[in-house]
Structures are given as structure tokens and as C-alpha cells.
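Survey of secondary and tertiary structure
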Amino acid sequence: MEVDNTEETASTTAVIDPMEGSSTSINDELTTVTPQTKTVKSDLNMPWIEKYRPKSFTDIVGNEETVLRLEKFSSCGNVPNIIIAGPPGVGKTTTILALARILLGSAFKEAVLELNASSDRGIETVRNKIKMFAQQKVTLPPGRHKIIILDEADSMTDGAQQALRRTMELWSNTTRFALACNNSDKIIEAIQSRCAMLRYGKLSDQEIMTQILKVCKSEEVSFSSDGLEAVVFTAQGDMRQALNNLQSTWNGFRHVNSANVFKVCDEPHPLLVKEMLLECADQNISKAYKIMAHLWKLGYAPEDIITNIFRVAKHLEIKESLKLKFIQEIGMVHIRIVEGMNSLLQLSGLLAKLCTAAAITVN
Ligand SMILES: Nc1ncnc2c1ncn2[C@@H]1O[C@H](COP(=O)(O)OP(=O)(O)OP(=O)(O)O)[C@@H](O)[C@H]1O
Ligand SMILES: [Mg+2]
């Protein structure tokens, strides 16, 4: 592949077609989709992340066990205080909103208080706003409670969290708390001990592919299989990122292929990185360096380059023992880059190490 050519297609990935529910190869079925000329369904003003935010548990993709647990809680009605912890864009807020909707139905508006990082959540708010809401009388079906949603709870100060301890207990007969956070370490232990902790992991490539395929079909998006694979690659398990990248590419180019996706996401093209690593496996330092210098010239940050090198190396088709060595060396250079040694020399040194590793493994 030429250094400037970024149009090649990526490898085949097996996906589940959401419409058919059967397993199929993406290259068999999807490459034939032609740019559509009919009226575009999508409302340009509506972000797809909101348009396709699941309303019920069945629409939530991935983390089945945790969702199942919540479904059980909701069916018996008496839900404990909960914390959902996990990486961004995997459905934590969505799940809590769905839970509240299922439990409270038409009373959702008056029986839910949602406070997120953009609201003021200092000690005063916890003392006054939450207390006032907890004291309000709302008629609910028997066995149901008002719900206070504390989204992005890890950004609450320790003081505010401390103030929450007693509040949680005082109003436990009328009110339940649902917290969402990225980092459960930042929630004080006293709060953790009052809640059932549920953990969400990153979504798998397959799960993201299934969802974006569904969105593509309902929005009549023109796409090629390598385009969707590029969206999945750039999302790295984050559904919000996947939908945003898909929508930006579609709005910007009216066709989703890998070249367009990487123009929107602007990160080192994985095919270029793959070619560079394969040159290293062939002990061809000068060709590998040419690609590295090209990436450097394009202005990518060393950290972006090294993380993409790692992502590509994980799936590189080379001998397993060599792959292990590659990942080890990449890890070491990543540490150095994070510590501040982020020069082209450092990245070129990595290429030299990879070529040396290839030479040792071959001999
Ligand atoms: N599991 C999922 N299934 C279907 N869609 C999802 C899922 N997770 C996220 N999404 C999509 O991504 C959007 C953002 O999800 P959500 O707000 O729930 O993320 P989050 O986990 O709360 O992230 P953050 O930690 O950044 O707040 C949703 O509106 C939805 O469109
Ligand atoms: Mg959220």
C-alpha cells in the first residue's frame, strides 16, 4: 500500500444482522449497498445518540447479565439504591432512565429528580434540593419509590457525598438513589456500602456493529463494509462514539467508507499502521520508517500513534511469539511517551526494536 493511499478495504468481520437475527459475513451482504437517492429519513437536527437511545431494557445492547439483574429488580418493584459504574458511552445513563421509566411510568416527570455534573451538586444542593424532593408527596403505585438520579456521581465532592450518607437513610422509605459513574473508586465507601454495585464493561465490536447496522438501515445510510468496520475500530467499545462518528461521516460525505470515517475521526489510519508493522516483521526498517515519518508529518500526537500501533498489533497476523514481543516493546515505548519522551526518535527506536525482535524470532 502506498503511503498516501488510504482507500483499501479492511478485513472481513462476521456480524449478526439485527434485522434477520442470523450470522452473516459482512463482505457478502453489505458491500453491495449503493448510495441512496431517496428522501433522507434522518432529521439533521437530532443527534442519533438521542434518537436511538434505548427506552427499554430489551433495546440495551451488551452487558446482558447486569441488565438482567436490573430487570429482575424492576419486576419485583422494590429496587435498592444502585450504582452503575463503567466506561463512557456504554449505556449507564440510558439504563437508569429506562429503569425509572419502567418503575414509574406516567409519574416519571414528577417522581424523578435528575442531577448531573452540570447541575450544582455541592453540599447545599444535597441538603436542600434533595431533601425538598424527598419530602414532596407524590402518588405512586404501591411498592414504588421516587427516584433521585445522580449522574456522573464521581464528580461530586467528598463533602457532598458525605452529606448524602444520612440523607439516603432518612428517606429510604420513599426514595431510591441511582448513581452512575465512570470511576467507582471516587465514590466514598460509605455510599458504596448503601448501594448495590453494578458494573458495565466496554461493548464488544460485534455488539457495536449490530447496533450501527440497525441505525444505518433505518436511516438509509449508504455504507461499505470497510466503513462500518472503521467506525467500530475508532469507537473502541464506546457506543456513543460509534454513533457520533457514523452520523458525522454520513452528514459530511453522504457515504460511509473507511477513508471518509478516518477523515472525520482523524486518527492514524490502521491500514497504514498495519503495513508499517508488517514491514517491521519483515525486518525492513527503511520502509517502516517511511510510514512513521509520514504519520509524524501528518501531525498526529505520539500518544495517538502509539495507541493505534497497539490496537493494530493486537490483531496482526504474525507468529504468536513475535506478536508477544511486539506488544511488549510497544508497551515500553508507551510508558516513555506518557512520561514525556515523545519524539520521533522514540517512535523510530520502537521500529528498530521491532525489526530486531523479528530478526531474533526468525533465526
Ligand atoms: N448499551 C447500549 N445499547 C444501545 N445504545 C447505547 C448503549 N450504550 C450507549 N448507547 C448509545 O449511546 C448514547 C449514550 O449512552 P449513555 O448516555 O447511556 O452513556 P453513559 O454510559 O452514561 O456514558 P457516560 O459515562 O459518558 O455518561 C445513548 O443515547 C445511546 O444512543
Ligand atoms: Mg452518562
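Quick caveat, the model's predicted, so the values are computed rather than measured. (Residues numbered from 1 in each chain as written. Chains lettered and ligands numbered in written order. Predicted model: local features only at pLDDT ≥ 70, side-chain atom pairs only at ≥ 80, totals over all residues. Heavy atoms only, no water.)

Some details on the packing of helix α13 (residues 270–281) against helix α14 (residues 285–297)
At a closest axis distance of 8 Å, the pairing of α13 and α14 adopts a crossing angle of 150°. Comparing the axis directions of α13 and α14 gives the class roughly antiparallel. Handedness of the α13/α14 crossing: left-handed. On the side of α13, the interface is formed by L272, V273, E275, M276, E279 and C280, while α14 contributes K287, A288, I291, M292, H294 and L295. For the contact of α13 with α14, the class distribution of residues is 8 nonpolar, 1 polar and 3 charged. (Axes fitted to C-alpha atoms, helices over the stretch in contact; angles between N-to-C directions. Helix = DSSP H or I, 4+ residues; strand = E, 2+ residues; numbered from the N terminus. Parallel < 35°, antiparallel > 145°, perpendicular 65-115°, else oblique. Left-handed = near helix turned anticlockwise from the far one by under 90°. Contact = heavy atoms within 4.5 Å. Nonpolar A, V, L, I, M, F, W, Y, C, P; charged D, E, K, R; others polar.)

Examining the site of ligand 1
Taken together, 20 residues sit near ligand 1, with I49, V61, K92, T93 and T94 positioned nearest. A distance of 2.7 Å is found between an oxygen atom of ligand 1 and a side-chain nitrogen or oxygen belonging to T93. The separation between an oxygen atom of ligand 1 and a polar side-chain atom of T94 is 2.5 Å. With the chains in place, 95% of the 630 Å² that ligand 1 exposes on its own is no longer accessible. For the shell around ligand 1, the secondary structure elements donating two or more residues are α4 (92–104) and α11 (239–253). Taken together, domain 1 (50–199) and domain 2 (205–265) each give at least three residues to the shell around ligand 1, which thus spans both. (Near = heavy atom within 4 Å. Polar contact = N/O pair within 3.5 Å; in protein donor to acceptor, adjacent residues only side chain to side chain. Areas by Shrake-Rupley, 256 points an atom, 1.4 Å probe, with all protein chains shown as cover. Domains from an automatic or database assignment.)

Re the confidence of the model for the protein chain
For the protein chain, per-residue confidence averages 84 on the pLDDT scale, and residues scoring 70 or more make up 87% of the total. Counting contacts from residues 1–40, a segment whose pLDDT is below 50, to residues more than four positions away or on other chains yields 75 contacts. (pLDDT = per-residue confidence, 0-100.)

Observations regarding helix α6 (residues 123–135)
Helix length check: α6, at 13 residues, gives a terminal C-alpha distance of 18 Å against a target of 18 Å (1.5 Å per residue), a fit within 8%. Listed as buried for α6 are T125, V126, I130, F133 and A134. Viewed along the axis of α6, the buried residues span an arc of 110°, placing them on a single side of the element. Next to the buried residues of α6 lie α5 (108–111), β4 (112–115), β5 (146–150), α7 (158–170) and β6 (175–181). (Expected span 1.5 Å × (residues − 1). Buried < 20%, exposed > 50% of the residue type's maximum accessible area, 1.4 Å probe, protein only. Arc of directions from axis to C-beta.)

Things to note about the pairing of β5
With respect to burial, β5 is a largely interior element, 5 of its 5 residues being buried. With burial as the criterion, each face of β5 is covered, one bearing K146, I148 and L150 and the other bearing I147 and I149. Summarising the sheet, β4 and β5 pair through 4 bridges and their orientation is parallel. Bridge assignment links L115 to a residue of β5, and that residue is L150. Between β4 and its parallel partner β5, the chain crosses via α6, and the hand of that crossover is right-handed. Relative to β6, β5 runs parallel, the two sharing 5 bridges. (Pairing = 2+ DSSP bridges. Right-handed = clockwise from strand over helix to strand, strands pointing away.)

Structural notes on unusual backbone geometry
Not every positive phi belongs to a glycine, and R254 is a case in point at roughly 60°. Given the relative accessible area of 33%, R254 is considered partly exposed.

Regarding the sheet that holds β5
Taken together, the 5 strands give an open sheet; going across it, the order is β4-β5-β6-β3-β7, and neighbouring strands pair in parallel fashion. The sheet is open, and its two borders are formed by β4 and β7 (196–199), each paired with just one other strand. Strand-to-strand, the axes of this sheet are offset by a mean angle of 15°, without reference to chain direction. Set on the sheet, helix α3 (residues 64–76) makes contact with β3 (82–85) and β7; between it and β7 the angle comes to about 145°.

Concerning the packing of aromatic side chains
One pass over the structure, following the stated rule, counts 1 aromatic pair. The aromatic ring of F133 is capped on one face by K146, whose charged end is 5.4 Å from the ring centroid. Directly above the ring of W250 sits R254, whose terminal nitrogen or CZ lies 4.4 Å from the centroid. (Phe/Tyr/Trp six-rings, centres within 6.5 Å; stacked < 30°, edge-to-face > 60°. Lys NZ or Arg CZ within 6 Å of the ring centre and 35° of its normal.)

Details of the side chain of D238
Along the chain, D238 falls in the loop between α10 (225–235) and α11. Salt bridges are absent for the buried D238, whose nearest opposite-charge side chain, R240, sits at 4.9 Å. Of note is the side chain of D238, whose polar atom sits 2.9 Å from the backbone nitrogen of R240. Contacts of D238, omitting those with residues within four sequence positions, involve P88, G89 and I208. (Lys, Arg positive; Asp, Glu negative; His and termini not counted. Salt bridge = Lys/Arg side-chain N within 4 Å of Asp/Glu carboxyl O.)

A word on the side chain of S224
Relative to the helices and strands, S224 is located in the loop between α9 (205–219) and α10. In this structure the side chain of S224 is engaged in a polar contact, spanning 2.5 Å, whose partner is the side chain of D226. Contacts of S224, omitting those with residues within four sequence positions, involve H255, V256 and N257.

Considering the pattern of salt bridges
As enumerated under the stated definition, the model contains 6 salt bridges in all. One salt bridge in this structure joins R194 and E169, with 3.0 Å as the shortest N-O distance. Of the two residues, R194 is situated in the loop between α8 (189–193) and β7 and E169 in helix α7; the sequence distance between them amounts to 25 residues. Assessed through its relative accessible area of 36%, E169 is described here as partly exposed. The salt bridge partner of E267 is R311, with a shortest N-O separation of 3.2 Å. Here the residue E267 occupies a position in the loop between α12 (258–265) and α13, and R311 occupies one in helix α15 (residues 302–314), the gap between them amounting to 44 residues. Like E267, the residue R311 is buried in the burial classification. Within the structure, one salt-bridge network assembled from shared partners comprises R166, E169 and R194.

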